[in-house]
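# Descriptive structure summary
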Amino acid sequence: MGFALALPILRLESSRLACAALLLIPALAGAAYPPLQPLVDAAEAGSVLMPEPGIYAGPVRVDKPLTIDGRDEVTIDGGGKGTVVLLETDGATLRNLHLTNSGSSHNDLDSGVQVRGKFNVITDSRIDNALFGVDLQQSENNIVRRNHISSKPVDLGVRGDAIRLWYSFDNQVTDNIIRDARDTVVWYSRNNLIARNDARGGRYSLHFMYSQTNRVEGNHYENNTVGIFLMYSDGIVVRNNLIANATGTTGIGIGFKETSDVVIEGNRILYCAEGLYLDVSPYQPGSLNYFRDNLIAYNGIGIRFINDWQGNVLTGNRFKGNTTQVVVEGGKTANRNTWDGNYWDDYEGFDRDDDGVGDSPHVIQAFADRLWMDVPPAQFFKGSPMLEVIDFLERLAPFTTPDLLVRDEHPLWAADTEVVLAVPQAGLAGGSDWELDPDAESEAPAPDAAPGGYDAYEALRRSLGRD
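This text gives an overview of the structure that appears in the document.

Rules and cut-offs
- Residues numbered from 1 in each chain as written.
- Predicted model: local features only at pLDDT ≥ 70, side-chain atom pairs only at ≥ 80, totals over all residues.
- Heavy atoms only, no water.
- Phe/Tyr/Trp six-rings, centres within 6.5 Å; stacked < 30°, edge-to-face > 60°.
- Helix = DSSP H or I, 4+ residues; strand = E, 2+ residues; numbered from the N terminus.
- Buried < 20%, exposed > 50% of the residue type's maximum accessible area, 1.4 Å probe, protein only.
- Pairing = 2+ DSSP bridges.
- Axes fitted to C-alpha atoms, helices over the stretch in contact; angles between N-to-C directions.
- Salt bridge = Lys/Arg side-chain N within 4 Å of Asp/Glu carboxyl O.
- Polar contact = N/O pair within 3.5 Å; in protein donor to acceptor, adjacent residues only side chain to side chain.
- Contact = heavy atoms within 4.5 Å.

Let us now look at the packing of aromatic side chains. Two aromatic rings, taken as a pair, are described by how far apart their centres are and by the angle between their planes. Applying the stated criterion to the full structure yields 15 aromatic pairs. Measuring from centroid to centroid gives 6.4 Å for Tyr 204 and Phe 229, while their planes differ by 85°, and the two rings are edge-to-face. Taken together, the residues Tyr 204 in strand β19 (residues 204-209) and Phe 229 in strand β22 (residues 226-231) connect sequence positions 25 residues apart. Take Tyr 204: its relative accessible area is 22%, and that puts it in the partly exposed class. The interplanar angle of 50° and the centroid separation of 6.1 Å between the aromatic rings of Phe 229 and Tyr 277 together place this pair among those described as tilted.

Below, the structure written as structure tokens:
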């Protein structure tokens, strides 16, 4: 009889174990996380939602002004489908969160965060295993600040962009750490600030397309294929950035394609295949591009001009240790641009009056070393003893007049050419109206209060800890 009573008990325990196992399987698969969306839906507009520590299932859609604060203890897992968090509102804040595991659709722009509104803040969060990091589309006056962003562990070309702006104006992207994503891209966007970001292991550190009057200041771009590339984008200021180790067949520090009215100032461009790359820039008739006080050092080519062009003003720049200082494709000249008061480490003149300026102009001419520029297969022999001997003999007794590439009338005799992989604080002492205020990205123009009395500007100030 005791044995007969034990059978139902054993069956009951077996049933409990089976149920527990069934519950454990989806938990192990990551499908049993509680969804965050009900908590978001229940929160009042303008409130602060602080979920209990743990992992929550996404996706999450925020359609009202709301602050979600994870206190560095909350993970939102997208489950490998779609976008983890969609901000379809004005005046929302995401902070101190871990956002992970987005979908893999480029067509849908599967992201850690998609922003479709104004005066939103994404700050102090970690976004990883997300195809795109933060995607802003037709969005204005948003802040993306102090986040750590990485893409999915796939080949470089099929990763998503760390930060993407599309038709988005007056946003501030500052102090983010970006690793192993594809690009940071700015498309059809104006008046954005890109400052003090650190991006490595990607393709384009920063890529502008059809975007005007943006500022790029104090960023650290290292070990990417290309540093900064400006295409069809006018009125951009690129100041006090460090760009290093953009190598490979397309390695470029800063590149320009049909770009006008830019200021390139105080940058350090180091150890790149090509320091500067200019293609039909400036493009607008009568416009000028200004290059001043940049350190262009230890690159394969200091500056490459794709064509015989004009309208670039180069003053106070320092050229040091470049294998070739200036290249002009097509056998023409770069001297239709303005070169004045630059430092050249291969200057062969003197400064007898000790005024800091060379007594004679610095002249760069094309001798036999043009062979590798004009005949691509000859690049294999660049720097070889054979080509060096031919070049020496032609300089000694040229058969024809060599082409003039550059003539700098007032070359600097000495200059600070210290090469360190560190970036000075953005903003130049005694600078112009473009000088960056370290607190400037924390402020935004006040929008009109939304219906119901909600003040997006006040919510923005609270999200930044400004009472």
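Moving on, there is more to tell.
Turning our attention to the sheet that holds strand β10 (residues 132-137). The twelve strands are arranged β3-β5-β7-β10-β13-β16-β19-β22-β25-β28-β31-β34 in an open sheet whose pairing can be described as parallel. On the outer flanks of this sheet lie β3 (60-62) and β34 (324-328), each paired with one strand and no other. Going from strand to strand, the sheet's axes swing by 10° on average, the running direction of each strand aside. As judged from the four bridges shared by strand β7 (residues 111-115) and β10, these two strands associate in the parallel manner. Note on β10: the bridge partner recorded for Val 113 is Val 134.

So, about the pattern of salt bridges. Applying the stated criterion across every chain yields a total of 24 salt bridges. One salt bridge connects Arg 61 with Glu 88, and the closest N-O pair in it is separated by 2.7 Å. Placement of Arg 61 in strand β3 and of Glu 88 in the loop between β5 (85-87) and β6 (93-100) is noted, with a sequence separation of 27 residues between them. The exposure class assigned to Arg 61 is partly exposed, which follows from its relative accessible area of 39%. Given the relative accessible area of 35%, Glu 88 is considered partly exposed.

The subject of this paragraph is the side chain of Lys 152. Inspection of the secondary structure assignment puts Lys 152 in the loop between β12 (148-150) and β13 (163-166). In this structure the side chain of Lys 152 is engaged in a polar contact, spanning 3.0 Å, whose partner is the backbone oxygen of Ser 102. From its side chain, Lys 152 meets the backbone oxygen of Asn 129 in a polar contact 3.2 Å long. Residues within four places of Lys 152 in sequence aside, it is in contact with Asn 101, Ser 102, Gly 103, Ser 104, Asn 129, Ala 130, Leu 131 and Arg 159.

Okay, unusual backbone geometry next. Phi is mostly negative for residues that are not glycine, and the peptide bonds are mostly trans. With omega at 0°, the peptide bond leading from Gly 58 into Pro 59 counts as cis. Relative to the elements of secondary structure, Pro 59 occurs in the loop between β2 (54-57) and β3. Look at the link from Ser 281 to Pro 282: it is a cis peptide, with omega at 0°. The phi dihedral of Asn 96 is positive, around 55°, even though this residue is not glycine. In this structure, Asn 96 sits in strand β6. For Tyr 167, which is not glycine, the phi dihedral falls at a positive 50°.

Within the fold, Asn 191 resides in the loop between β16 (184-187) and β17 (193-195). Looking at Asn 191, its side chain comes within polar contact range of the side chain of Thr 213, at 2.6 Å.

It is worth spelling out the pairing of strand β31 (residues 301-305) at this point. Where burial is concerned, most of β31 is hidden: five out of the five residues are buried. Looking at chain direction, strand β28 (residues 274-279) and β31 are connected through four bridges and run parallel. What sits directly across from Tyr 277, in β31, is Arg 304.

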